[in-house]
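Fold and contact review
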Amino acid sequence: MRYSGRIFDGVSLWENAEIEIDETSGLIEYIEDVKNVEEKYKGLTFLPGLIDTHMHFFGTASYSLLDWVTTSDVLLTIRSVNDARRLLNAGFTTVRTMGDKVSLGMSKAEKAGILYSPRIVSSGFSLAETGGNDDPKMLDLETAARVSYSYYCDGPWECRKAVRKNLRNGAESIKVYASTSFVGGGLIKDELTTEELQAISDEAHRVRLKAASHAYGASAIDNTIEGGFDSVEHGLGLTEEAAEKMLKRKIFYVPTLAVYNRKREDVNPYRDEIIKRHLEKEVNIAFNSGVKIATGTDYVGSDNEPHGNNYIEALLLSKYVGPLEALKSATSISAECLGRPELGFLSKGKVADMIAVRGDPTTDISLLRPENIVLVIKNGKVQKKELN
Ligand SMILES: [Zn+2]
């Protein structure tokens, strides 16, 4: 397959270029400058498939912890399959899940070619301490452990075992809770000791997987850095000192702006102040210090926030870093964050995940809205085509 036109390759823009995709290998044959582009592709922009590095397939109707853990597996799977379809049609060719009950199975189905879905880099179950962030404490301990999407582990060896259970089940990423969050309305506090965090990241790195850490608060971010993690997720409370350390250690920042821009019905001055600082200061601290920012929505796939509009993360990020930089984040930088450099970049030998958009998203990210995506190619195979 050969396409020609305006191409954003994941890093820079080619005004008139041609790209050749080998359907059999699923790889890109070449990309090169040309004088003339095909008439039918004029006005479009080709770019790498979009990546959401932080999301969940909770497949629930409401945004509530109890619902997340008690919705039946059948129902949440059906809802999640629909979410996967919407994501792929919206131009997302890769997503990373950060703890849920269905994404390991969905990832296997996608690899087997029996699920219409983005490629799913699944973290399997998240890891948390007993009584930790997403432990549904309204249930008794045994029931909570049985229905949760987290493994609760205490002490380095239990933590290593929890990683190994995920690996045994096919996880391709590891996600940990290094702090609480605002779910449940409490104050934020650190979770898991540095020793436990180090055990988890070490166990992930032994099999060359990336380890991601949910961190709310400056000390949780510090523990994440000292714990040897590859990305700080959410990262509320980021300081310039922490950003400097992250830059040195090549740790990614995933500010999950989409969830913090969500309309909230309740008022919580404590929470709202922390979010305000995150949105007004911390994203700029990360960007100005040179830390790489990846796109992750933290959408869970509930009725009030269905998957499909995940481009919003790049749109929000573009307000800080500009559209071109935000597009890099949503493609090549996110691929790097996942430890998958073969993705997110259109050049010879890379995996042919490519989409086409009406207009030029390198100047306006809102053009990435789902109805504007006219072509989706994953692994060199056309998934959606609304072109002549
Ligand atoms: Zn999350």
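We now turn to the structure provided with this report. (Residues numbered from 1 in each chain as written. Predicted model: local features only at pLDDT ≥ 70, side-chain atom pairs only at ≥ 80, totals over all residues. Heavy atoms only, no water.)

1. Some thoughts on the packing of aromatic side chains
- If you walk through the whole model with that rule in mind, you get eight aromatic pairs.
- Seen in terms of ring centroids, Phe58 and Tyr149 are 4.6 Å apart; in terms of plane orientation they differ by 40 degrees. Their pairing is tilted. You can see Phe58 sitting in the loop between strand S5 (50–55) and helix H1 (65–70) and its partner Tyr149 sitting in the loop between helix H4 (141–147) and strand S9 (150–152), a full 91 residues away along the chain. Note on accessibility: Phe58 and Tyr149 belong to one class, buried.
- One aromatic cluster in this structure is built from Tyr3, Tyr41 and Phe46.
- The aromatic ring of Trp157 is capped on one face by Arg160, whose charged end is 5.3 Å from the ring centroid. (Phe/Tyr/Trp six-rings, centres within 6.5 Å; stacked < 30°, edge-to-face > 60°. Helix = DSSP H or I, 4+ residues; strand = E, 2+ residues; numbered from the N terminus. Buried < 20%, exposed > 50% of the residue type's maximum accessible area, 1.4 Å probe, protein only. Lys NZ or Arg CZ within 6 Å of the ring centre and 35° of its normal.)

2. Structural notes on helix H8 (residues 240–248)
- Three or more residues of H8 are buried, namely Ala242, Ala243 and Met246. The arc that holds the buried residues of H8, viewed along the axis, is 100 degrees, so those residues lie on one side. What points out from H8, more than 90 degrees from its buried face, is the exposed set Glu240, Glu241, Glu244 and Lys248.
- On its buried face, H8 is in contact with helix H7 (218–226), strand S12 (231–236), strand S13 (252–254) and helix H10 (269–289).
- Lys250 lies just past H8 and shows a positive phi near 55 degrees. (Arc of directions from axis to C-beta. Contact = heavy atoms within 4.5 Å.)

3. What about the pattern of salt bridges?
- With the rule as written, the count across this model stands at 27 salt bridges.
- Among the salt bridges present, the one from Arg86 reaches Asp83, with a minimum N-O distance of 2.7 Å. Residue Arg86 and its partner Asp83 are located together in helix H2 (residues 73–89), separated by three residues, close to a single helical turn.
- Residue Arg86 is classed as partly exposed on the basis of its relative accessible area of 38%.
- The buried category is assigned to Asp83, whose relative accessible area is 2%.
- Between Glu129 and Lys189 there is a salt bridge, and its shortest N-O distance comes to 3.6 Å. Separated by 60 residues along the polypeptide, Glu129 in the loop between strand S8 (126–128) and H4 and Lys189 in the loop between strand S10 (174–177) and helix H6 (194–206) bring together distant segments of the chain.
- The exposure class of Glu129 is buried, given its relative accessible area of 17%. (Salt bridge = Lys/Arg side-chain N within 4 Å of Asp/Glu carboxyl O.)

4. Structural notes on the sheet that holds strand S1 (residues 2–8)
- The mixed open sheet is built from seven strands, whose spatial order is S3-S2-S1-S4-S14-S15-S16. Strands at the two margins of the open sheet, each flanked by one partner only, are strand S3 (27–33) and strand S16 (381–385). This sheet shows a mean twist of 35 degrees between the axes of neighbouring strands, independent of strand direction.
- Note: strand S2 (residues 13–22) against S3, six bridges, orientation antiparallel. Following the sheet pairing, Glu20 is matched in S3 by Tyr30.
- Along the sheet, H2 contacts strand S15 (373–378) and S16; its crossing angle with S15, the most-contacted strand, is approximately 110 degrees.
- Sheet contacts for helix H12 (residues 323–337): S1 and strand S4 (44–48); angle to S1, the most-contacted strand, approximately 125 degrees. (Pairing = 2+ DSSP bridges. Axes fitted to C-alpha atoms, helices over the stretch in contact; angles between N-to-C directions.)

5. Considerations on the coordination of the zinc ion
- Here the zinc ion is held by the protein donor atoms His54 (NE2), His56 (NE2) and Asp298 (OD), which lie 2.0 to 2.2 Å from it.
- We note that the donor set of the zinc ion lies within a single chain, spaced as H-x1-H-x241-D. Of this pair, His54 sits in strand S5 while Asp298 sits in the loop between H10 and helix H11 (312–321), and the two are 244 residues apart along the sequence.
- A residue is classified by how much of its surface remains accessible, and His54, at 0% relative accessible area, is buried.
- Owing to a relative accessible area of 11%, Asp298 belongs among the buried residues under this scheme. (Donors = N, O, S within 2.8 Å, 3.2 Å for Na, K, Ca; no water.)

Take it as geometry only, folks, not as evidence of what the structure does.
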